[in-house]
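# Coordinates in review
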Amino acid sequence: MLHRIVDFSVRDVRFPTSAEQHGSDAMHTDPDYSAAYVVITTDSKVQGFGLTFTLGKGTDIVVCAVKALSGLVIGKFLQDIVGDFRGFYRLLSSDSQMRWLGPEKGVIHLATAAVLNAVWDLWARTEGKPLWKLLVDMDPKQIVSCIDFRYITDALTEEEALDILMKAQEDKQHREEQMLKKGYPAYTTSCAWLGYTDEQLKQLCTDAFKSGWTKFKVKVGADIEDDKRRCGLIRHMIGPQNTLMIDANQRWDVSEAISWVSELSEFRPLWIEEPTSPDDILGHAAISKALGTLGIGVASGEQCQNRVMFKQFLQAAALQFVQIDSCRLGSVNENLAVILMAHKFRVPVCPHAGGVGLCELVQHLILFDYISVSADLHNRMCEYVDHLHEHFTCPAIIEKAHYMPPKNPGYSCEMLESSVVKHQYPDGEVWRKKIA
Ligand SMILES: [Mg+2]
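Residues numbered from 1 in each chain as written. Predicted model: local features only at pLDDT ≥ 70, side-chain atom pairs only at ≥ 80, totals over all residues.

Regarding its fold elements, the chain presents 17 helices and 12 strands. The globule rule puts the C-alpha radius of gyration for 436 residues at 22 Å, and the 21 Å found for the chain is close to it. With the C-alpha coordinates aligned to their principal axes, the bounding extent of the chain is approximately 60 × 60 × 45 Å. Taken across its 436 residues, the chain has 53% of its residues classed as buried. (Helix = DSSP H or I, 4+ residues; strand = E, 2+ residues; numbered from the N terminus. Rg over C-alpha atoms; globule rule 2.2 N^0.38 Å. Buried ≥ 20, exposed ≤ 12 C-beta atoms within 10 Å, placed from the backbone.)

Laid out in structure tokens, this is it:
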């Protein structure tokens, strides 16, 4: 059956999370988790749902960019899109006039992610499979055909990518069964947002520990004494065996990052996340080199603009943990490129999640990574944040601190229509009241 895209909508949906400091860090002190939310409808009535994540203000700008791309989608047949997905990715990311707005970065790339996420959702739904399963069942040649290798062949060629995927075919079935039974390991960021009090932090950490969490991330970077106290508190509560990570959300200059994190080394963090500007590849390399001697790795990626930046981070040995993001990069297509490059450079992928919908989306990608690429769980885990899942028709499911593979067809980012209507900005009930 053919599916022609006949309708396309995008809405500005915002959740007032800043009221309770959820999501607060050293640079983003009052985020209202938001999304540009896309619904595409086909003549066969099957729909695709996609989003990109934002922090509140400016979501209207992303919505505008999505509208600018919509003309490239309406009227197309799904079969034609996925039959040449590399070509379609390039059509969106390299439109000869609109690419001036990026290329492949910033608002226009966030918009590309929203649109392509909806297309992937649609494809998975028409196949009757969750997205991770669609990917896992795909022939390696077809996976590779979805990737735009432009600008990365000096690090990973199409033949090398194919070779990686072919090698990982062995024991794939076994790994899929393992994931269905036990799930993919997760860590929590819900306990220690920067705006939380020590009491809140202790309570949340105690509760999380009781529910089986063993890996915790703490926001740092505003005040060194506060950081020492908060890291000490968490390290004391979780004991020496469990894992602690710290996240500065780009707060420091390079030398400041090295000295600040050195002072926190007694708490034995596995990684420091986003120590400095997400664009500073050589800065990250210097930090990696200095902190490597203390056994602390550098993690980044939630604001890494595209596969070209990731390529250079990997080439420069500037990252020890690659944090892919389902809404920052150009959807599944570009994430596949980064997952395969990370594998070649032997750097573990530990996805960024949280916000609104990011857990729902990225769980599919990390399942694919384990089953069809890396076959490795050492030092690998996917972020989890316990906010806003109730607004989705198929929310992410965590059991014993593991993501359980989604079973419903699609990419898991369909929101409840009632939630969308209520939180639409500025006319939804929630915002009308606030603005009044
Ligand atoms: Mg982070």
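Back to the text.
Right, let's get into the sheet that holds strand β2 (residues 34–42). Pairing within the open sheet is antiparallel, and its 3 strands lie in the order β1-β2-β3. Because the sheet does not close on itself, it has two edges, and the strands there are β1 (5–14) and β3 (47–54). Each strand of the sheet is rotated relative to its neighbour by a mean of 15 degrees, with strand direction disregarded. Here helix α1 (residues 59–70) sits on the sheet in contact with β1, β2 and β3, set at roughly 175 degrees to β1. (Pairing = 2+ DSSP bridges. Axes fitted to C-alpha atoms, helices over the stretch in contact; angles between N-to-C directions. Contact = placed C-beta atoms within 7 Å.)

So, about the nonpolar core. Most often, soluble globular proteins keep nonpolar side chains buried together rather than apart. Counting 139 residues, the largest nonpolar core has A36, V38, V66, A111 and V115 as the members making the most contacts within it. Element by element, the count of residues in this core is highest for helix α4 (residues 106–127), at 14 residues. The contact partners of A36, leaving out residues within four places of it in the chain, are V10, D12, L51, T52, T54, T59, V62, V63, V66, A111 and A114. (Core = buried A, V, L, I, M, F, W, Y, C linked by C-beta atoms within 7 Å.)

Before going further, it helps to examine the UniProt feature "domain: Mandelate racemase/muconate lactonizing enzyme C-terminal" (unreviewed entry) in the chain. Taking the numbering used here, the UniProt-annotated feature "domain: Mandelate racemase/muconate lactonizing enzyme C-terminal" (unreviewed entry) corresponds to residues 198–294. Segment residues 198–294 splits into 52% helix and 13% strand. End C-alpha atoms: 27 Å apart. (UniProt positions renumbered as here; feature names shortened; annotations may be inferred.)

Cis peptide bonds are those with omega within 30 degrees of zero, and the linkage from G102 to P103 qualifies with -15 degrees. Along the chain, P103 falls in the loop between α3 (85–93) and α4. Cis geometry marks the peptide bond from Y425 to P426; its omega dihedral reads 0 degrees. The residue P426 is located in the loop between α16 (417–423) and α17 (429–435) in this model. A positive phi angle, close to 75 degrees, is found at Q250, a residue other than glycine. Assignment of secondary structure puts Q250 in the loop between β6 (243–247) and α11 (254–263). Within the chain, A375 stands out as a residue other than glycine whose phi angle is a positive 55 degrees. Counting through the fold element by element, A375 comes out in the loop between α15 (358–374) and β10 (382–384).

Moving on, we get to the environment of D25. Checked against the element boundaries, D25 lands in the loop between β1 and β2. Put simply, D25 and M341 are 316 residues apart on the chain and 29 Å apart in space, counted from C-alpha to C-alpha. Contacts of D25, omitting those with residues within four sequence positions, involve W193, L194, K219, D247 and N249.

On to the packing of helix α9 (residues 198–210) against helix α10 (residues 224–238). In contact at an axis separation of 11 Å, α9 and α10 are set at 25 degrees when each is read in the N-to-C sense. Between α9 and α10, the angle is such that the two are roughly parallel. At the point where α9 passes α10, the crossing takes the right-handed sense. On α10, the residues touching D198, L201, K202, C205, T206 and F209 of α9 are R230, L233, I234, M237 and I238. (Parallel < 35°, antiparallel > 145°, perpendicular 65-115°, else oblique. Left-handed = near helix turned anticlockwise from the far one by under 90°.)

Another point: the pairing of strand β5 (residues 215–219). Counting buried positions along β5 gives 5 out of 5 residues, so the element sits mostly inside the fold. Of the two faces of β5, the one holding K215, K217 and K219 and the one holding F216 and V218 are both buried throughout. Bridging between β5 and β6 involves 5 bridges; their strand directions are parallel. Paired with K217 across the strands is M245, a residue of β6.

Our next topic: the pairing of strand β8 (residues 297–300). Residues in a regular strand project their side chains so that they alternate between the two faces of the sheet. What you see with β8 is no split at all: G297 and A299 on one side and V298 and S300 on the other are buried throughout. Here 3 bridges tie strand β7 (residues 271–273) to β8, and the two strands are oriented parallel to one another. Within β8, the residue paired with E273 across the bridge is A299. As a crossover connection, the stretch from β7 through helix α12 (residues 281–292) into β8 is right-handed. Here 2 bridges tie β8 to strand β9 (residues 321–322), and the two strands are oriented parallel to one another. (Right-handed = clockwise from strand over helix to strand, strands pointing away.)

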